[in-house]
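Chains, contacts and geometry: an overview
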Amino acid sequence: MKKILNDPKHYVPELLQGLLAAHPGRLKAADGELHAIVRADAPVRGKVGIITGGGSGHLPVFLGYVGKGMLDGCAVGDVFASPSIDQMYKTTKAVSGGAGVLHLFGNYGGDVMNFAGAADLATMEDDIEIATVLVADDVASAPPERAKNRRGVAGMIFAFKIAGARADEMASLAEVKAAAEHALANTRSMGVALGPCIVPQVGKPTFTLGEDEMEIGMGIHGEQGVRRGKLQTADEIAQQLIDPILADMPLAGSEIALMVNSLGATPLEELYIMYNYLVGYLKSKDVRIYRPYIGRFATSMEMAGASLTVMKLDDELKRLLDAPASTPFFDQGQFV
Amino acid sequence: MKKILNDPKHYVPELLQGLLAAHPGRLKAADGELHAIVRADAPVRGKVGIITGGGSGHLPVFLGYVGKGMLDGCAVGDVFASPSIDQMYKTTKAVSGGAGVLHLFGNYGGDVMNFAGAADLATMEDDIEIATVLVADDVASAPPERAKNRRGVAGMIFAFKIAGARADEMASLAEVKAAAEHALANTRSMGVALGPCIVPQVGKPTFTLGEDEMEIGMGIHGEQGVRRGKLQTADEIAQQLIDPILADMPLAGSEIALMVNSLGATPLEELYIMYNYLVGYLKSKDVRIYRPYIGRFATSMEMAGASLTVMKLDDELKRLLDAPASTPFFDQGQFV
Amino acid sequence: MPTTLTRDQLVALLDAVAADMIRDKDELTTLDAELGDGDLGRTTEWGFTAIREALAGEAGAEPDMGKLLFKCGKAFADKAPSSFGALMGAAFMKGGMALKGKTTAELADIAGAVQTALDALMERGGAKLGDKTMLDAMHPAIQAMRGQSADAALGAFFEAAAQAAQRGAEETQHMQSQIGRASWQGERSAGKMDPGARAIAMMLAAAARHAV
Amino acid sequence: MPTTLTRDQLVALLDAVAADMIRDKDELTTLDAELGDGDLGRTTEWGFTAIREALAGEAGAEPDMGKLLFKCGKAFADKAPSSFGALMGAAFMKGGMALKGKTTAELADIAGAVQTALDALMERGGAKLGDKTMLDAMHPAIQAMRGQSADAALGAFFEAAAQAAQRGAEETQHMQSQIGRASWQGERSAGKMDPGARAIAMMLAAAARHAV
Ligand SMILES: Nc1ncnc2c1ncn2[C@@H]1O[C@H](COP(=O)(O)OP(=O)(O)O)[C@@H](O)[C@H]1O
Ligand SMILES: Nc1ncnc2c1ncn2[C@@H]1O[C@H](COP(=O)(O)OP(=O)(O)O)[C@@H](O)[C@H]1O
Ligand SMILES: [Mg+2]
Ligand SMILES: [Mg+2]
Ligand SMILES: [Mg+2]
Ligand SMILES: [Mg+2]
């Protein structure tokens, strides 16, 4: 768990500079603020702008979804830290094409409070209409009766995809907001950690796990999960991640999008092993996988582990999910 | 470095079953042989077929590049082990569209000997014309005078891309072979390992590295590198990987494709930090980056570390590199 | 004669408290790793470093105590934009607004400013007393400040507040987190001390040590 | 009277050698980790397990010694398709071709078959003597076999070959790898024993132990 970096203090600015150098035709810094990354063609006139924001260390989350068919911009914080009000405000302004801006981000205290401040600023100073949607998809973080309290994890990617496609249809801010909410009402996630990661400026792991331990339900910054126990088989792990989702959101008879996501170090091979089990298990529950997403979509640097995200589909969600999208980190063309 | 798996013996078959379940419209098993993965639409009539083969544990290498614009098929071995002659032969037969088949794979003894056997079989029994091109791009593995002896690493992806695009132009087997050779004559790689990986059936790391050590030039199966030493900064590491490439292949005044590749656990953030340095360093050497590839393209499961691959470009290579391609693991559309 | 805190004393006090908080940050990291995400030490380091920089610069020259505190709060929130950072920033800003125009403050002014800060926190963060947050240390601290006579020594004034805050922080061990990251632990949050509450107690204890 | 090896003895001997190689695989893994990629133990386990399975099945019932060996070689190469597997498979297959039609073999036949196997290896793998490969153990073993009289005891015959192979394997420590994975170590390969050569010595030593 060693890192390739220079000064830990420069971890985020250097990666952002590298990012802008690598994708000059696709991304730019808003108003000279490196921590406010927006589409190179922002603002798109007449289209609702969609931005997110959050800490670094989760690539492709968050800024990796800035591009055609998904997000217009992203406010970038330090590793696992919220961006500032000012960074969020600059991002908002830069993507405002006259049709309003949606703030779509994970339910984390710092982000919530700072986005509220940025929304106030944009409304007061620039007359930009702002709508806010929180992602709170992690079933491990609170029981159904406190579902609003849940933290946001990989489910946000489905929300980005759906809201982005709806905005591309030139829908209104209210419609784009409704699409994001509709996606999230049908989205649930749960993860497992097998090994920790290190925040560069901290220099040591936030948590430790024994050589044969795993933690079911752990959060993407190392927040404690629901249960720590002996490492189990891929099939057992997959079942323990999908069952709470099935309990939270009845799926029998439905079609779903299923994301099998690595938290970083866990290789793609293992995701396909889990997927292989899930296909059969879900079939036995009368659930059909309409579109799988298998890979590294939301990570915690070099954390080992995986998460599952399910979005229950209807015709509208299918249409919006199938729409093409292209960012430097996510490409979805015509092929399945 | 714990793993999500069931029986280690089933690691590869289960991941292949998961793969076929996930991408039924794009991939299929040739002749019922799970270890012979080919395009769902194989054979493509009249087009030169291109196949590769090698051990598992390197996703997206090898089978991740089977798809439009790249490979037609891939023979899949167990983790870090060569596929068998029979598996290579079945793959060859399944992609043969009448214009011959190119065997394009890394220079590893087992693969070389088995592909030779498969080529003999395909020629003798099915009259398929076979051409063979070995990838030997790792400058750390042998000095220039023994360049043919070098092992093949991430450079093979550029060869897949170039040869695949040329085959899509309906070029002849000789022309496709020449394109692959031309790409490889201009391709060099070098890597660094920061931490090991575990072969499931072995259960313990092949090598160990001290908490503050790295190994420059290490191979993707843990083959010893050129130098073990204290972990250095991202800038120093990047320089030590690019300098031997520059020494091996003069680049002043050229345009290049540059791949910054994670071996698995190393997060994307760190690749962008390295890229940020390389942009300036290469500029100071009068080298221009025409197209960057930054991500996980050739891994060793959860190994920590990174590699650089450079392909020196001319007009033909640019044309073929820019051509679209789409596989379940690699999408290159119209955007840079 | 009522005890007063002058503008210059405030600057020195803030700077000394900030220095102590930076020095002692690891305890907060440990508490936050238990209950949250283990970044509270980093947040306090960033935030209090921003305060020290502000004091060394333009804000330190500000004659108006209220404006001075407001600027410190803005610096804190900008440089440490986590939950604690956003809230602490708001607390300093609102507390500063309560002292606007003053160049010296009496003890009652101080208690009043901290009350204003608490109100701002509740409004901004949506937490109530008993939710297991820093509010549960600030509230008893204000009570203790209010219980001091107007001519109490500054050190004793802060000491009383610090002790009350610490008791409040310890009380949080018996609470179940209702808000923020720690709430994700549900029942398992019981038995652990809220890191934000402990941070408040540490700040006040540092103030007691350095008040002269 | 010249010593002979019957078909049934060959089956028993192959099975016993295979069992020993599987048991002792870890030594080969360790050597290969030093010089290559550390999979030689896994390769020998897979390959010799395939041989045992072949012997327990159809191949074991084969009356023709040559065909029997050929089938064992094919099973080895199919199930252990690494460098060693491909080469050892070819060696058994070609060695078997040299014994085609036989139901008993004299010592000279055995030496001849191993020589044919060696030639096949050199052709298939492109290595020469001195390149630091298993050839450097096989070659002296064949010399030692040729040095035995036709009526030497089977055990002594294999023992002489095993000792020569072991000396050959030890000699590889002074060589620099010219081919295969180990060649990537260049000069650093010197001082380490070639794992494939050691595997040959182990196989012959097992044969000496079990030959009756
Ligand atoms: N809504 C809230 N209202 C009041 N205090 C809060 C609130 N949310 C968090 N806190 C306080 O902040 C502390 C955690 O701060 P911090 O580590 O910055 O949070 P995070 O890392 O979740 O952004 C908690 O211990 C608690 O005292
Ligand atoms: N071309 C060759 N000719 C003869 N022997 C070889 C050749 N290449 C490798 N070997 C032998 O095979 C051994 C390594 O086998 P193995 O571990 O299966 O190789 P790899 O893992 O590289 O495929 C070496 O120690 C050497 O004795
Ligand atoms: Mg935090
Ligand atoms: Mg925290
Ligand atoms: Mg090998
Ligand atoms: Mg080997």
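This is a predicted model, so every value here is computed, not measured. (Residues numbered from 1 in each chain as written. Chains lettered and ligands numbered in written order. Predicted model: local features only at pLDDT ≥ 70, side-chain atom pairs only at ≥ 80, totals over all residues. Heavy atoms only, no water.)

**Some words on the site of ligand 2**
Residue and element names in this part refer to chain D. Taken together, the neighbourhood of ligand 2 is formed by 18 residues, with Ser82, Ser83, Arg181, Asp194 and Gly196 sitting nearest. Here Ser82 contributes a side-chain N or O atom positioned 2.8 Å from an oxygen atom of ligand 2. In the model, an oxygen atom of ligand 2 is placed 2.6 Å from a nitrogen or oxygen of the Asp194 side chain. Look at ligand 2: alone it shows 570 Å² of surface, and the protein chains cover 93% of it. (Near = heavy atom within 4 Å. Polar contact = N/O pair within 3.5 Å; in protein donor to acceptor, adjacent residues only side chain to side chain. Areas by Shrake-Rupley, 256 points an atom, 1.4 Å probe, with all protein chains shown as cover.)

**Digging into the packing of helix H3 (residues 40-56) of chain D against helix H5 (residues 83-98) of chain D**
All names here are of chain D. The N-to-C vectors of H3 and H5 enclose an angle of 35 degrees; their axes lie 10 Å apart at closest approach. As for how H3 packs across H5, the hand of that crossing is right-handed. Facing H3, whose interface residues are Leu40, Thr43, Thr44 and Ile51, H5 presents Phe84, Gly85 and Phe92. Taken together, the residues of the contact of H3 with H5 break down into 4 nonpolar, 3 polar and no charged. (Axes fitted to C-alpha atoms, helices over the stretch in contact; angles between N-to-C directions. Helix = DSSP H or I, 4+ residues; strand = E, 2+ residues; numbered from the N terminus. Left-handed = near helix turned anticlockwise from the far one by under 90°. Contact = heavy atoms within 4.5 Å. Nonpolar A, V, L, I, M, F, W, Y, C, P; charged D, E, K, R; others polar.)

**Structural notes on the coordination of the magnesium ion (ligand 3)**
Under perfect tetrahedral coordination by four donors, a metal shows angles of 109.5 degrees; under perfect octahedral coordination by six donors, it shows angles of 90 or 180 degrees. Residues and elements named next belong to chain C. On the protein side, the magnesium ion (ligand 3) has Asp37 (OD) and Asp39 (OD) as donor atoms, found 2.0 to 2.2 Å from it. A spacing of 3.6 Å is found between the magnesium ion (ligand 3) and the magnesium ion (ligand 4), which share Asp37 as a donor. With relative accessibility at 8%, the residue Asp37 sits in the buried group. You can call Asp39 buried: its relative accessible area is 12%. (Donors = N, O, S within 2.8 Å, 3.2 Å for Na, K, Ca; no water. Buried < 20%, exposed > 50% of the residue type's maximum accessible area, 1.4 Å probe, protein only.)

**Some thoughts on the interface of chain B and chain A**
In many reports, interface size means the accessible area that the parts give up when they come together. Across the boundary between the two partners, chain B contributes 56 residues, which contact 56 residues of chain A. Between chain B and chain A, the buried area comes to about 4900 Å², and carbon and sulfur atoms account for 62% of it. Our enumeration of links across chain B and chain A arrives at 2 salt bridges. Two residues, Lys3 of chain A and Glu270 of chain B, come together in a salt bridge whose shortest N-O distance is 3.7 Å. At the surface where chain B touches chain A, the tally comes to 24 residue pairs in polar contact (both at pLDDT 80 or more). Where the side of chain B that touches chain A is concerned, the elements lending two or more residues are helix H1 (11-22), helix H6 (234-248), helix H7 (268-284) and strand S11 (288-295) of chain B. Element by element, the count of residues in the side of chain B that touches chain A is highest for H7 of chain B, at 9 residues. For the side of chain B that touches chain A, the per-class residue count stands at 29 nonpolar, 13 polar and 14 charged. (Buried area = accessible area lost by both parts, 1.4 Å probe. Salt bridge = Lys/Arg side-chain N within 4 Å of Asp/Glu carboxyl O.)

**A short note on the environment of Thr52 of chain A**
Residues and elements named next belong to chain A. Checked against the element boundaries, Thr52 lands in strand S3 (residues 49-56). Judged by relative accessible area, Thr52 falls into the buried class, the value being 0%. With 59 residues separating them along the chain, Thr52 and Asp111 place their C-alpha atoms 9.7 Å apart. Those residues in contact with Thr52 that lie beyond four places of it in its chain are Phe62, Leu71, Gly73, Cys74, Ala75, Leu104, Phe105, Phe115 and Phe160.

**Some details on the coordination of the magnesium ion (ligand 6)**
All names here are of chain D. Coordination of the magnesium ion (ligand 6) by the protein is provided by Asp32 (OD), Asp37 (OD) and Asp39 (OD), with metal-donor distances spanning 2.1 to 2.2 Å. Taken in sequence order, the residues that donate to the magnesium ion (ligand 6) follow the motif D-x4-D-x1-D. Taken as a pair, the magnesium ion (ligand 6) and the magnesium ion (ligand 5) show a spacing of 3.6 Å, with Asp37 coordinating each metal.

**Some details on the relation of the copies chain B and chain A**
At an RMSD of 0.0 Å, chain B and chain A line up after a rotation of 180 degrees and a shift of 0.0 Å along the axis. Read as a symmetry element, the transformation amounts to a two-fold axis. When C-alpha positions in chain B are compared against the rotation axis, the closest is assigned to Ala265 of chain B, at 2.0 Å. Of the residues that chain B buries at the interface, 100% are likewise interface residues in chain A, meaning the two copies contact each other through the same surface. (Least-squares fit on C-alpha atoms with pLDDT ≥ 70 in both.)

**Observations concerning the site of ligand 1**
All names here are of chain C. Inspection of the region around ligand 1 gives 18 residues, with Ser82, Ser83, Arg181, Asp194 and Gly196 positioned closest. With respect to ligand 1, the side chain of Ser82 contributes an N or O atom lying 2.8 Å from an oxygen atom. In the model, an oxygen atom of ligand 1 is placed 2.9 Å from a nitrogen or oxygen of the Phe84 main chain. The fraction of the free accessible surface of ligand 1 (560 Å²) that becomes covered by protein chains is 93%.

**So, the arrangement of the chains**
Comparison of the 3 pairs of chains in contact shows the highest number of contacts for chains A and B. What separates chain B from chain C at the closest point of their C-alpha atoms is a distance of 19 Å, and the two make no contact. Nothing in chain C touches chain D, and the closest approach of their C-alpha atoms is 39 Å.

**Focus on helix H4 (residues 65-79) of chain C**
Within an α-helix, residues lying three or four positions from one another point in the same direction, as the helix has 3.6 residues per turn. Residue and element names in this part refer to chain C. Its 15 residues give H4 an end-to-end C-alpha distance of 21 Å, which sits within 8% of 21 Å, the value for a rise of 1.5 Å per residue. Among the residues of H4, those classed as buried are Met65, Gly66, Leu68, Leu69, Cys72, Gly73, Ala75, Phe76 and Ala77. On its buried face, H4 is in contact with strand S1 (4-6), helix H1 (7-23), helix H3 (40-56), helix H5 (83-98) and strand S2 (104-106). (Expected span 1.5 Å × (residues − 1).)

**Remarks on the pairing of strand S12 (residues 304-312) of chain A**
Residue and element names in this part refer to chain A. Within S12, 8 of the 9 residues are buried, which leaves it mostly tucked inside the rest of the structure. Looking at chain direction, strand S7 (residues 187-195) and S12 are connected through 8 bridges and run antiparallel. Note on S12: the bridge partner recorded for Ser189 is Thr309. One ladder, built from 7 bridges, connects strand S10 (residues 255-262) with S12; its direction is antiparallel. Counted as the bridge partner of Ile256 is Lys312 from S12. (Pairing = 2+ DSSP bridges.)

**Side note on unusual backbone geometry**
Put simply, Ala42 of chain A and Pro43 of chain A share a cis peptide bond, and its omega is -5 degrees. In this fold, Pro43 of chain A is placed in the loop between strand S2 (33-39) and S3. The step from Leu59 of chain A to Pro60 of chain A runs through a cis peptide bond, and the omega angle for that step is 5 degrees. Counting through the fold element by element, Pro60 of chain A comes out in the loop between S3 and strand S4 (73-79). A positive phi angle, near 55 degrees, is found at Asp31 of chain A, a position not held by glycine. Relative to the assigned elements, Asp31 of chain A resides in the loop between strand S1 (27-30) and S2. The phi torsion at Asp286 of chain B lies on the positive side, around 65 degrees, for a residue other than glycine. By secondary structure assignment, the location of Asp286 of chain B is in the loop between H7 and S11.

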